[in-house]
Amino acid sequence: MKKKLKGITVGSFIIILAGLLIPLPDPLFDNPYATTLESRGGHLLGARIARDGQWRFPPSDSLPDNYTACLLEFEDKYFFRHPGFNPVSIFRAIGQNLSAGKVVSGGSTITMQVARMALGNRRRTVPRKFLELLLALRIELKYSKREILRLYADNAPFGGNVVGISAAAWRYYGRSMYELSWAESANLAVLPNAPGLVFPGTNDRALLSKRNRILSGLLKNGVIDSTTYRLSIAEPLPGKPKPLPMIAQHLLDRSIGDGHGGTRVRSTVDYNLQNTVNGIVDDYHKFFSFKQIHNAAAIVANIKTGEVEVYVGNAGSLKSADHGQQVDIINRRRSPGSLLKPLLYALSIDKSIITPWQLLEDIPVYYQGFAPQNFDKKFKGAVPANLALRSSLNVPFVSLLRDYGYEQFHYDLKKMGIASLDKPAGHYGLSVILGGAEVTLWEMAGLYASTARTLQTYHRSKGAKRYDLHDFRPLSYRSDRKVRDEERSSDSPVSASAIWHMLKAMQELRRPDAESNWQQFGNSQAIAWKTGTSYGHKDAWAIGLNSKHVVGVWLGNADGEGRPDLTGILAAAPLMFRIFEVLDGNGHFPLPVADVGMLRICKLSGNTAGAYCTETEVLPVSTSAKQTPKCRHHKLVHLDQSKKYQVNSKCYRVEKMVEMPWFILPPAQARYYKQFNTDYAEPPEFLPGCTPEGEFIEMIYPRKFTRVYVPVEIDGKPGRVVFEAAHRNTATKVFWYLDREFLGETTRNHQMGIYPSVGNHVLNLVDEQGRELNVSFEAVNKRVAN
């Protein structure tokens, strides 16, 4: 007996020395991995199979105790005691195989099985077994016992194309390996030893016997109690492989596109919230699909961190991609409609161009062939800036962008994170404010989150440097992405007070009819929100913010097909508000007191009050807005003593004049303004015999010396161009002359169809009192212009 033991010891020592000389593959396993996407809490959101067609999840960082106990009970009870091979087991296996005349026992340890898998699971032979033994020694020297267990569990075959415990747990039980019961863990401990057993209804008896033998051993060793044992042996065996979760497939695709394929992507997504919003979006998608609107997307992000909590790249099943459900709309460039208007509003306040209440021009305008229209096809003449934003009027914001400068706006948007604007500013021109440039839902949600974050940072900070230079940053979906430390500054792309004005105006937007009584609900929130509708009704957008979250929604067709019901207010806004119902937060946006001052405002013009403003009020306003010009619409007029006529020193004695401040808009604005403001009164006519002073006639089109494009009719002759003017007195006749040739007269609606020849012309307008206006223009044939 002693000689036998000595022989085993010497033989083992020789094997160990030989094993030290065997080089290990580096890496030990060089197989491609599937891509897995997990929520912040570790729930599986989706997976993409590995390049070799195997469901092999990326390596785990730990193993559950249940599975480890079952594995050691079944495969290698002395795992923590041997150096990689078990001499007793090997010699016992040799004896059993010789007695049986065939291979009935292998005697391999878990480490040896890891070596066999590293060598490619080739046919078992005596030399191969010896090589596995030598490699096992090297593995034991390089890796800890826990690491070896993980190498085995991550690379063991579990039947079919399932490799590794992580994938097996999801494929056979539909949940994480950490959530498996004792019986389920025992089943998966058996499968690598005989992966062919997992065929429902075929090998149930053999699998059941092996599983229960493990459980019996655990009971005998005191690992589980009798109650757990009885409950475990009563559990069913695994059935057909289950489909993997498809909760955020578009984010999974995006992460692969971002270079994270073959890895475990730990996202910032909230598992429960993602499931809830998936259901909400799917319900809306089903409703709108009857209207031939087949695609919808939604994103929810935390304002403070910029982390994405919900990512619905598209609605509907990816298995049926008839309408482009595979397209990730969140990351696809689309026309945003009016979504950029609030940003221009805030920037214009910041640059001292307007106050929030200042009147903006809302009359027909033409800019090099670009003729913007309001959604209702009407003009208001002049509209307060905050009302123009609440009503999403197009013409006032085109005029505002003209004053602000589309080049500057293009620069500011890129600085704030809109990378999709990859063409020069001139490519977009003034149309950028109405959707003339394409952006992504990801960028828009990130930009609005950045503005709210900037306001929050300013509010909680003190001192001169109250901004963080990194507050304007893209959203993030990866939990391992670190935000740079705060870098304090006294400046920001847009000031906190201007942002506050923007958000307050956005809170006053009128909600869709279905939301019209929202104030009556106890959990209602005063959301700051904005919609957008692209030209041709191809895209419907809605962006909203509360104190904690930004929500971005898009509806439309991935192929760009427009539909009549596809508007931001009718399609996207209701979905956005439904999502806000499941979010926490409130509608409080703190006033940045240190960046706000009190300013006396003219109530009619919205400008800083001038000397002749009759009604004023003191309002909190951005400190930058204090530099805006004073009211230019209130002017001092001189009347006769009856106050019925205007007079001047040429026709009336100065000491008898009555001075009175008067709110006067330019004629073109006044023409439309008075239709919606019945209390607007033009100043009185001049006393007969007095020479009129001031502006009485104004061109609407063309506004000034410009090129007028003349259409060509079917017969090749020049077509008609409609010119339009406004007169302060709508009842006055206006006589039209082109190059001194009389064309006709107009009353009230001063429009005249003209057939100008190609070349330079002078248009002359004269009213009944002899007041005239001359406009020079160049008529250009369309073909010539091209």
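Residues numbered from 1 in each chain as written. Predicted model: local features only at pLDDT ≥ 70, side-chain atom pairs only at ≥ 80, totals over all residues. Heavy atoms only, no water.

Draft legend 1. Expanded view of the pairing of strand β14 (residues 549-556). Of all eight residues in β14, eight are buried; the element is thus mostly enclosed. Neither face of β14 is exposed, since H549, V551, V553 and L555 on one face and V550, G552, W554 and G556 on the opposite face are all buried. Where strand β13 (residues 539-545) lies against β14, seven bridges are found, and the strand directions are antiparallel. Residue pairing for β14: G544 is matched across the bridge by V551. (Buried < 20%, exposed > 50% of the residue type's maximum accessible area, 1.4 Å probe, protein only. Helix = DSSP H or I, 4+ residues; strand = E, 2+ residues; numbered from the N terminus. Pairing = 2+ DSSP bridges.)

Draft legend 2. Geometry of the packing of helix α4 (residues 110-118) against helix α6 (residues 145-155). For the pair α4 and α6, interaxial distance at closest approach is 9 Å and the crossing angle is 50°. Of the possible angle classes, the one that applies to α4 and α6 is oblique. You can see that α4 and α6 cross each other, and the crossing is left-handed. When α4 is examined against α6, the residues I110, T111, Q113, V114 and M117 are found in contact with a partner set consisting of I148, L149, L151, Y152 and N155. The residue inventory of the contact of α4 with α6, partitioned by class, reads seven nonpolar, three polar and no charged. (Axes fitted to C-alpha atoms, helices over the stretch in contact; angles between N-to-C directions. Parallel < 35°, antiparallel > 145°, perpendicular 65-115°, else oblique. Left-handed = near helix turned anticlockwise from the far one by under 90°. Contact = heavy atoms within 4.5 Å. Nonpolar A, V, L, I, M, F, W, Y, C, P; charged D, E, K, R; others polar.)

Draft legend 3. Examining the state of the cysteines more closely. Taken as a whole and judged by the stated rule, the model has one disulfide. Residue pairing for C651: its cysteine sulfur links by disulfide to C690, the two sulfurs lying 1.4 Å apart. When the S-S torsion is 90°, as for the bridge of C651 with C690, the disulfide is right-handed. With C651 in the loop between β17 (634-639) and β18 (658-663) and C690 in the loop between α21 (667-676) and β19 (697-701), the pair connects residues that are 39 residues apart, well separated along the chain. Taking the relative accessible area as the measure of exposure, C651 reaches 25% and is therefore partly exposed. The class for C690 is buried, based on a relative accessible area of 8%. We note that C602 lacks a disulfide partner, and the nearest cysteine sulfur, in C613, lies 3.3 Å from it. Under the relative-accessibility criterion, C602 is labelled buried at 1%. (Disulfide = S-S within 2.5 Å.)

Draft legend 4. A look at helix α15 (residues 394-404). Here α15 lies mainly inside the structure; nine of its eleven residues are buried. Within α15, the full set of buried residues consists of N394, V395, P396, F397, V398, S399, L400, L401 and Y404. Summarising the contacts, the buried residues of α15 are in contact with α13 (341-350), β8 (359-362), α14 (385-390) and α16 (406-415). Phi turns positive one or two residues past the end of α15, at G405, with a value near 100°.

Draft legend 5. How the structure looks around empty space enclosed by the protein. Scanning the entire structure with this criterion turns up three cavities of 30 Å³ or more. For the largest cavity, the full set of lining residues is T454, Y467, D468, L469, D471, F472, D491, S492 and P493. Looking at the lining of the largest cavity, its residues break down into four nonpolar, two polar and three charged. (1 Å grid on protein atoms, 1.4 Å probe; cavity = no way out; pocket = protein on both sides within 12 Å on 5 of 7 lines; lining within 4 Å. Points joined across faces, edges and corners; volume = space filled by probe spheres on them.)

Draft legend 6. Layout of the side chain of E132. With respect to the helices and strands, E132 occurs in helix α5 (residues 126-142). Buried E132, no salt bridge; nearest opposite-charge side chain is R116, N-O distance 4.1 Å. For E132, the residues in contact, after removing those within four places along its chain, are M112, A115, R116 and L119. (Lys, Arg positive; Asp, Glu negative; His and termini not counted. Salt bridge = Lys/Arg side-chain N within 4 Å of Asp/Glu carboxyl O.)

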